[in-house]
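# Structure assessment
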Amino acid sequence: MYTLYGIDESGSCMIEIALQRCAVPWRRIDASSWQHSEGSEALARINPLKQIPTLVTPDGQVLTESAAILIHLGLEFPASQLLAGNRAQILRGLVYIAANCYSAIGIIDYPQRWLGDADDAVQAQLISGTRRYLHHAWVVFAEQFADQLFAPSALPNALGIMAAAVSRWDEAREVLGNLAPGFAQTLAHVDSDPVVAPVFARHWPDWDVS
């Protein structure tokens, strides 16, 4: 059985969707770096950064980094179609989100990790500038990857799942709705997939992009 460490409203939603697509047994242990719990203590023992999602495979391997986990599952279970489509561009897109979007969200959420004891004004400036970069990165993503989010069968692939999840933070969907409305509709199409929709609804029960 796979063991997933994660929590609602986090990137673990992507891996929950992927595990369902792979049709494998799995369980989730609620854990995160921002809460104290038995699950978080267990997570710290296998991933000292306490990053989520963290996935433990049935043979005991510890996998971290959302993009890497999605790639592993797509390779391990090709019938899941997680990597179906233009694989080179899917892999490129997954790394693009991890490097440009996910990383920016970490700075926005935890500016003190980079600034230490800097005053509130400096932290606010870093947050504001990083958010501008994040929104620009999403517009560039829309221009580069709009046609890469679905397998030939019309199922969302790993890139579609990751893009739809990570774009739910820091007003990215609102920005895309204004600057790349066609791509925003593509993300909404991923949202409505019968496997994706219930997972997103559980993670964000009150979420509304409008």
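Values in this document were obtained by computation on a predicted structure and should not be read as measured data.

## Quick notes on the overall build of the chain
- A count of helical and extended segments in the chain gives 10 helices and four strands.
- Listed N to C, the secondary structure of the chain is β-α-β-α-β-β-α-α-α-α-α-α-α-α in terms of helices and strands.
- The C-alpha atoms of the chain give a radius of gyration of 17 Å, which matches the 17 Å a tight globule of 210 residues would have.
- If one aligns the C-alpha atoms of the chain with their principal axes, the spans along those axes are about 50 × 45 × 30 Å.
- Counting over 210 residues, the chain shows a buried share of 48%.
- When the accessible area of the chain is evaluated, it comes to approximately 10,000 Å², of which 53% is carbon and sulfur surface.
- The distance from the centre of the 13 positive side-chain charges to the centre of the 22 negative ones in the chain is 5 Å.

## With respect to the nonpolar core
- Of all hydrophobic cores here, the largest spans 55 residues; its most connected members are L73, W138 and F141.
- Residue assignment places this core across two domains, with domain 1 (2–80) and domain 2 (87–194) each supplying three or more.
- Beyond its immediate stretch of four places on either side in the chain, F141 contacts G93, Y96, I97, A146, L149, L159, A163 and F183.
- Counting residues in each nonpolar core, the second largest holds eight residues, with I29, A42, L43 and I52 among its members.

## Quick look at the pairing of strand β2 (residues 26–30)
- Two strands pair when backbone bridges link them, and strand β1 (residues 2–6) and β2 are joined in this way by five bridges, in the parallel orientation. Bridging across to β2, L4 finds its partner in R28.
- Handedness of the crossover is the feature at issue here: the chain leaves β1, passes through helix α1 (residues 12–22), returns alongside β2, and the resulting connection is right-handed.

## Focus on unusual backbone geometry
- For the bond running from I52 to P53, omega is 0°, close enough to zero to count as cis.
- As for its placement among the helices and strands, P53 is situated in the loop between α2 (38–46) and β3 (54–56).
- Backbone geometry places A23, a non-glycine residue, at a positive phi of 55°.
- Looking at the element boundaries, A23 is found in the loop between α1 and β2.

## Regarding the domain arrangement of the chain
- As assigned here, the chain comprises domain 1 (2–80) and domain 2 (87–194).
- For domain 1 versus domain 2, the separation of C-alpha centres amounts to 20 Å.
- Listed as interface residues are 16 residues of domain 1 and, on the opposing side, 15 residues of domain 2.
- Of the roughly 1,100 Å² buried between domain 1 and domain 2 on both sides combined, carbon and sulfur atoms contribute 71%.
- On the domain 1 side of the interface with domain 2, the three residues burying the most area are M14, R21 and L70, jointly 41% of the side's total.
- Joining domain 1 to domain 2, the criterion identifies zero salt bridges.
- Put simply, domain 1 and domain 2 have one residue pair in polar contact (both at pLDDT 80 or more) between them.
- For the side of domain 1 that touches domain 2, the elements supplying multiple residues, two or more each, are α1 and α3 (66–76).
- When residues of the side of domain 1 that touches domain 2 are assigned to their parent elements, the largest contribution, five residues, is made by α3.

Thresholds applied
- Here the residue numbers are simple positions, counted from 1 along each chain's written sequence.
- Given that this is a predicted model, residues contribute local features only at a pLDDT of at least 70 and side-chain atom pairs are listed and counted only at 80 or more, while totals for whole chains, interfaces and linings are drawn from all residues.
- Only hydrogens and water are set aside when side-chain values are computed; all heavy atoms of the structure are taken into account.
- Numbering of helices and strands runs from the N terminus, with a helix taken as a DSSP run of H or I at least four residues long and a strand as a DSSP run of E at least two residues long.
- Our radius of gyration looks at C-alpha atoms and nothing else; its globule reference is 2.2 Å times the residue count to the power 0.38.
- The classification of residues rests on relative accessible area computed with a 1.4 Å probe and restricted to protein chains. Under 20% of the type maximum is buried, over 50% is exposed, and intermediate values are partly exposed.
- Areas reported here follow the Shrake-Rupley algorithm with a probe of radius 1.4 Å; residue values treat only the protein chains shown as occluding.
- Charge convention: Lys and Arg are scored as positive, Asp and Glu as negative, and His as well as the terminal groups of each chain are ignored.
- A charge is said to be at NZ when it belongs to Lys, at CZ for Arg, at CG for Asp and at CD for Glu.
- Here the nonpolar core consists of buried residues drawn from Ala, Val, Leu, Ile, Met, Phe, Trp, Tyr and Cys, with membership extended through side-chain atoms lying within 4.5 Å.
- A domain assignment, automatic or from a database, supplies the domain bounds used here.
- Any two residues having at least one pair of non-hydrogen atoms within 4.5 Å are treated as being in contact.
- Two strands pair if DSSP finds at least two bridges between them.
- Consider the strands pointing away from the viewer: the crossover is right-handed when the path from the first strand over the helix to the second runs clockwise.
- By convention, the term buried area covers the 1.4 Å-probe accessible surface removed from two parts as they join, with the contributions of both added.
- Salt bridges are counted wherever a side-chain nitrogen of Lys or Arg sits within 4 Å of a carboxyl oxygen of Asp or Glu.
- In the analysis that follows, any N or O atom pair within 3.5 Å is treated as a polar contact, provided that within protein one partner can donate a hydrogen and the other can accept it, and provided that, for residues neighboring in sequence, both atoms belong to side chains.

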